[in-house]
Protein chains: 2
Amino acid sequence: MRDVLPDEVALRDWAMAQILAVYRRHGFVRIETPAVESLRLLLRSDGGENEKLIYKILKRGDKLAAAGAEDLADLGLRFDLTVPLVRYYAHNLARLPQPLKAIQIGPVWRAERPQQGRYRQFTQCDIDILGVASEVAEIELILATSEALAALGLKDLTVRINDRRLLGAMVAHCGFEPGRAGSVFIALDKLDKVGRDGVAAELRETGHAPAAVERLLDGLAAGATPAALRGLLGARVDEAVWRGLQRVLDTVEAQAAGRFRLAFDATLVRGMGYYTGPIFEVQHGGSTSSIAGGGRYDRMVGKFIGRDVPATGFSIGFERVISILLERGPVAEAEAERVVLVFPESEGLGPVLALARDLREQGKQVLLEARAKRLGKQLQDLETRGFRRIGVLGPDGVVEWREPRVGGAGETSA
Amino acid sequence: MRDVLPDEVALRDWAMAQILAVYRRHGFVRIETPAVESLRLLLRSDGGENEKLIYKILKRGDKLAAAGAEDLADLGLRFDLTVPLVRYYAHNLARLPQPLKAIQIGPVWRAERPQQGRYRQFTQCDIDILGVASEVAEIELILATSEALAALGLKDLTVRINDRRLLGAMVAHCGFEPGRAGSVFIALDKLDKVGRDGVAAELRETGHAPAAVERLLDGLAAGATPAALRGLLGARVDEAVWRGLQRVLDTVEAQAAGRFRLAFDATLVRGMGYYTGPIFEVQHGGSTSSIAGGGRYDRMVGKFIGRDVPATGFSIGFERVISILLERGPVAEAEAERVVLVFPESEGLGPVLALARDLREQGKQVLLEARAKRLGKQLQDLETRGFRRIGVLGPDGVVEWREPRVGGAGETSA
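Basis of the calculations
- Along each chain, numbering runs from 1 in the same order as the chain's sequence is written.
- Written order determines the labels here, with chains lettered from A and ligands numbered from 1.
- Residues qualify for local features only when their pLDDT is at least 70, as the model is predicted, and side-chain atom pairs are given and counted only at 80 or more; totals for whole chains, interfaces and linings, by contrast, use all residues.
- Derived side-chain values reflect all non-hydrogen atoms in the structure, with water molecules and hydrogen atoms excluded from consideration.
- Contact definition: two residues touch when any of their heavy atoms are within 4.5 Å.
- Two parts placed together each lose some accessible area; with a 1.4 Å probe, that loss summed over both constitutes the buried area.
- The term salt bridge refers to a side-chain nitrogen of Lys or Arg lying within 4 Å of a carboxyl oxygen of Asp or Glu.
- By the criterion applied in these results, polar contacts are pairs of N or O atoms within 3.5 Å in which, for protein atoms, one can donate a hydrogen and the other can accept it, and in which residues neighboring in sequence qualify only through two side-chain atoms.
- We call Asp, Glu, Lys and Arg charged. Ala, Val, Leu, Ile, Met, Phe, Trp, Tyr, Cys and Pro are nonpolar, and the rest, Gly among them, are polar.
- To form a nonpolar core, buried Ala, Val, Leu, Ile, Met, Phe, Trp, Tyr and Cys residues must be joined to one another through side-chain atoms within 4.5 Å.
- Throughout, exposure labels follow a simple rule: accessible area from a 1.4 Å probe, protein chains only, divided by the maximum for the residue type, with under 20% read as buried, over 50% as exposed, and the rest as partly exposed.
- Comment: elements are numbered from the N terminus, with helices defined as DSSP H or I runs of at least four residues and strands as E runs of at least two.
- Fitted lines through C-alpha atoms serve as axes, helices being fitted only where they are in contact, and the angles separating the N-to-C directions of these axes extend from 0 to 180 degrees.
- In what follows, roughly perpendicular refers to angles from 65 to 115 degrees, roughly parallel to angles under 35, roughly antiparallel to angles over 145, and oblique to any angle outside these ranges.
- DSSP bridges decide pairing: two strands pair if at least two such bridges lie between them.
- Handedness of a crossing follows from how the near helix is turned relative to the far one, being left-handed for an anticlockwise turn of less than a right angle and right-handed for a clockwise one.

Q: How should I be thinking about the interface of chain B and chain A in this particular structure?
A: By convention, interface size is frequently given as the accessible area that disappears when the constituent parts associate. Listed by partner, the interface residues are 72 residues for chain B and 72 residues for chain A. Approximately 6,000 Å² of surface area, both sides summed, lies buried where chain B meets chain A, with 56% of it carried by carbon and sulfur atoms. Of all residues in chain B, Asp3(B), Arg25(B) and Arg60(B) bury the most surface against chain A, accounting for 11% of the area lost on that side. Linking chain B to chain A there are six salt bridges. Asp13(A) is the partner of Arg30(B) in a salt bridge, and the nearest nitrogen-oxygen pair spans 2.8 Å. One can count 36 residue pairs in polar contact (both at pLDDT 80 or more) joining chain B with chain A. Here the side of chain B that touches chain A is composed, by residue class, of 36 nonpolar, 13 polar and 23 charged.

Q: Help me understand the nonpolar core, please; the structure alone is not making it clear to me.
A: Note that soluble globular proteins tend to have their nonpolar side chains buried in a common cluster. One finds Leu341(A), Tyr23(B), Ile142(B), Leu149(B), Leu154(B) and Ile316(B) to be the most contacted residues of the largest nonpolar core, which totals 124 residues. Broken down by element, this core gets its largest block of residues, nine residues, from helix α5 (residues 136-151) of chain B. Apart from the residues lying within four places of it in its own chain, the contact partners of Ile316(B) are Ile19(B), Tyr23(B), Cys125(B), Thr145(B), Ala148(B), Leu149(B), Ile291(B), Ala292(B) and Val321(B). Counting 105 residues, the second-largest nonpolar core is a separate cluster that includes Ala256(A), Met272(A), Ile324(A) and Val339(B).

Q: Please clarify how the packing of helix α7 (residues 181-188) of chain B against helix α8 (residues 191-205) of chain B should be interpreted in this entry.
A: Each pair of packed helices gets described by two things: the angle between the helix axes and the distance between those axes. All names here are of chain B. Two numbers describe how α7 lies on α8: the axes approach to 8 Å, and their chain directions differ by 140°. When the axis of α7 is compared with that of α8, the two are oblique. The residues of α8 that touch α7, namely those facing Ser 183, Val 184, Ile 186, Ala 187 and Leu 188, are Leu 191, Val 199, Glu 202 and Leu 203. Of the residues assigned to the contact of α7 with α8, the class counts are seven nonpolar, one polar and one charged.

Q: I tried to follow the sheet that holds strand β7 (residues 157-163) of chain B on my own but got confused; where do I start?
A: Residue and element names in this part refer to chain B. If you walk across this open sheet you meet the eight strands as β1-β5-β6-β11-β10-β9-β7-β8, and the pairing is mixed. Edge positions in the sheet fall to β1 (29-30) and β8 (261-264), since each has one partner strand and no second. Relative to strand β11 (residues 311-316), strand β6 (residues 121-130) runs antiparallel, the two being bridged by six bridges. By the bridge assignment for β11, Ile 129 is matched with Thr 312. Helix α4 (residues 82-92) contacts β5 (100-109) and β6 of the sheet and is inclined by roughly 45° relative to β6.

Q: Help me understand unusual backbone geometry, please; the structure alone is not making it clear to me.
A: With the exception of glycine, most residues fall at negative phi, and the peptide bonds are largely trans. Residue and element names in this part refer to chain A. The step from Gln 98 to Pro 99 runs through a cis peptide bond, and the omega angle for that step is -10°. Positive phi is not limited to glycine here, since Asp 156 has a value of about 60°. You can see Asp 156 is positioned in the loop between α5 (136-151) and β7 (157-163). The exposure class assigned to Asp 156 is partly exposed, which follows from its relative accessible area of 38%.

Q: It is not clear to me how the packing of helix α1 (residues 6-25) of chain B against α5(B) should be interpreted in this structure. Could you clarify?
A: Residue and element names in this part refer to chain B. Between α1 and α5, the least distance of the axes is 9 Å, while the angle of their chain directions is 145°. Of the two elements, α1 crosses α5, and the hand of that crossing is right-handed. Facing α1, whose interface residues are Trp 14, Gln 18, Ile 19, Val 22, Tyr 23 and Arg 25, α5 presents Ala 144, Thr 145, Glu 147, Ala 148 and Ala 151. In the contact of α1 with α5, the residues fall into seven nonpolar, two polar and two charged.

Have a look at this one:
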């Protein structure tokens, strides 16, 4: 876990505000769940590997005294926002709008081995639609998420889409053993990183039939269009799946209007075990790693409320997006000009406070600094910190405005 | 801990944005620390009772296997934002602006017994100035905080101010045993709640001399002005303390301009053990409980970096403020009109998406809803949810706008 310095917080706050504004315009409402959930809940999700990374909270008082070594904790920090969302939905059903279009932005925790660019506390930024079975949900999520990313200034976006039911049918069609689709997905998910040969090797090592492996990788080879797959899979895939996929592709394409690319990708897998239908990811620039991802998970809510509720979600990889934005340099604090007023400490504060109030009422960010013994050095330091508008108040309350030299430090012009 | 429903999240987000905007205009910058800190850090603060309420995080893997029963945790959830601030300041000193004017808004956790209006996860909202020894810091904090509260629409604000050094001198002057000032402060802090007799009883029960108790309560009786106390305490209080107090009173009074009241209150104590100078609280309306509080704590940073750094902070009781705002009813979503577009599910989505895009570009929040079988009931439900502008699209893409009757549900006008 890490501290965030002021400049990065400003960037994060700005990015969050952009994303939130787009999502709100798309009719989503923000909800909040606590950071801490019951361990029983966290462990019964389909969180896979993440369940091993839960920070558990030690029981307290009598409960701790009575606890066995295997039973020291009954609470844990959330490792994603999807499990809490489903619990929240089940818990507050009667008081929530139906369907629910929820925004969640907040920290999650995973006890991962620290590595470059990966933190044990990080922010997730999800939108989910609960209660919409039709592909209108997918269309809305894709349009809202791509617009939010565009609002951050991210160009060159590609949205890739696939459907878990196609992947499932393909695995069956190729002759893999029934019930072992999960391990096929796990290997296939690494295609971007290890290439066709790497995937083939992993599949054979996992004990899958070489013939099935070849058929799968041939069938999914780059360029596999919905039409080609449809010819291959025939009656293994329901007509409605193809129709839904085509509707998403056509509708989103018509709305994209060149602002992002949309592509069917038969090799797209997504890691989580709970997806049941369409899945999608967003790539930025030439990078193969995704900056957002999501899909349909129609069977998760049922585990909590006893009846299935159709659900779809799209999650922006907030930390990855921030690291892309940071590479571009500091955020332009365009709206509010920053001003410093240097005042003589020993005098009455009336004049400097009155001036500060006027400037603040104009929306400016005004920093007051007591005049240091070495004014020249103080002004130089302020310029180094990026202040471009510095007023020095004399004992008479008169302000002398300093215009910094282009390029920063140095003598003042006055 | 609790879930927050969409309407309250909207109010909280709005309140946070107002507060942040004021603080930024006053030259503060937001910083972020992780939710989890080392237990060693949390336990070495002057957090008093709060240290007993820490949620501890269970060690993992080999560390847990090797741990004794007393040693099961080495991390904990932060119980306030001051301890993490000081750790952050010490850790990032070279990369932070000097002096640091920091904003922190975020959740903290305390394992308190649940009670009305008190939660185990709650939001704190602090500003702190590190590195300013003069009372300019107090003046800036009081002006920024009162302006932030006013920006939330809170009127009838009273800022009370006192100084721990006056309290200390008073306790010595009255003849309490040296070194037992802490227990005198704890009893005196309850004056608002239990009254003079209650405080006197507690002080006598704690073993303080009845004569000292009487002298103290007489000396601090309502109406004790700085001048009266000065006469009483004489050389026990440094000249600079009086001068500083008077400067804060005069300067803030001149700036308050009727927007809030400022009052010296010789009985103001504040609970925390770490205060070293001026302390302040804000009351709203006739309530005796405070909605914000703070003070100077010049000796806390020294514990971390080996040299004292002057520090002052002011914390808004965010949850209390939100409960006041909630009593006033829902937040007026003035800026962005909310619109619902009801569309025929079986048709192409082009027309409704195009219309939604136009409205969103105008800043409106647009919710899309598939047309239900019983349109009348659907429209009624939407009106009950507060939507005042509802467009129903026909199969031809033509929009019929419904104007709801005043008072909500019922027939549509079309």
